[in-house]
Amino acid sequence: MLNYQKRFWREKVFNYVSAAAALFFILTVMAMFFYPGGTRRDPTAQGYTFFRNFFSDLGAIHTYPGAPNFISASLFFSAMTLAGLSVILFSIAFPQLFQKPGAGRIPGMLGSLVGIITGLCFVGIAFTPADILTYAHGQFSAWGFRFFMLAAFFWA
């Protein structure tokens, strides 16, 4: 049983996280495809414009001109929740690679602690649409990416 658990944490989790990353990409591209349109500066714009829309626009319940955005928002919600949960799972699994005492163990564990917070922030982004819970969404976004950089620093 112990060998299976080690194998699960060392291999399977990383396979799950890799699959989740691919699914995140697919879901967000689909969300972009279904986004009805509108940007902050040009509410009449058609569709999602990669360089003029915010990424969070995909998760808004309504677009800038007020059109419903339920399909795109659902896909974005799924993608961000999956991303957050994957970061949490990765963060739990990563210290398993550093079982022996050494210089990499403590930074790896710190990175994982910060990574869990990062994942929770990403889930928070999903649960706070930018058009309805603007402040909370902005806080989850800002702190999530700050913590992500800090986690990556520790893991490196």
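Placed above this text is the structure.
We now turn to the structure provided with this report. Since the structure is predicted, the reported quantities are computational estimates derived from the model, not experimental observations.

### Things to note about the side chain of serine 112
As for its placement among the helices and strands, serine 112 is situated in helix H3 (residues 105-127). Setting aside its immediate chain neighbours within four residues, serine 112 contacts Ser91, Phe94, Pro95 and Trp155.

### Quick notes on the nonpolar core
What tends to happen in soluble globular proteins is that the nonpolar side chains get buried as a cluster. Core analysis: the biggest nonpolar cluster contains 14 residues, and Tyr48, Leu58, Phe76, Met80, Phe122 and Ile125 have the highest contact counts within it. Elements with a contribution of two residues or more to this core: helix H1 (2-34), helix H2 (70-93) and H3. Top contributing element to this core by residue count: H2, with 5 residues. In contact with methionine 80, not counting residues within four places along its chain, are Phe24, Phe55, Phe122, Val123, Ile125 and Ala126.

### Quick look at the environment of alanine 31
Structurally, the position occupied by alanine 31 is in helix H1. Distance from alanine 31 to alanine 136, taken between C-alpha atoms, is 22 Å for residues 105 residues apart in sequence. The contacts of alanine 31, once residues within four sequence positions are left out, are Leu58, Ser72, Leu75 and Phe76.

Definitions and limits used
- Residues numbered from 1 in each chain as written.
- Predicted model: local features only at pLDDT ≥ 70, side-chain atom pairs only at ≥ 80, totals over all residues.
- Heavy atoms only, no water.
- Helix = DSSP H or I, 4+ residues; strand = E, 2+ residues; numbered from the N terminus.
- Contact = heavy atoms within 4.5 Å.
- Core = buried A, V, L, I, M, F, W, Y, C linked by side-chain atoms within 4.5 Å.
- Buried < 20%, exposed > 50% of the residue type's maximum accessible area, 1.4 Å probe, protein only.

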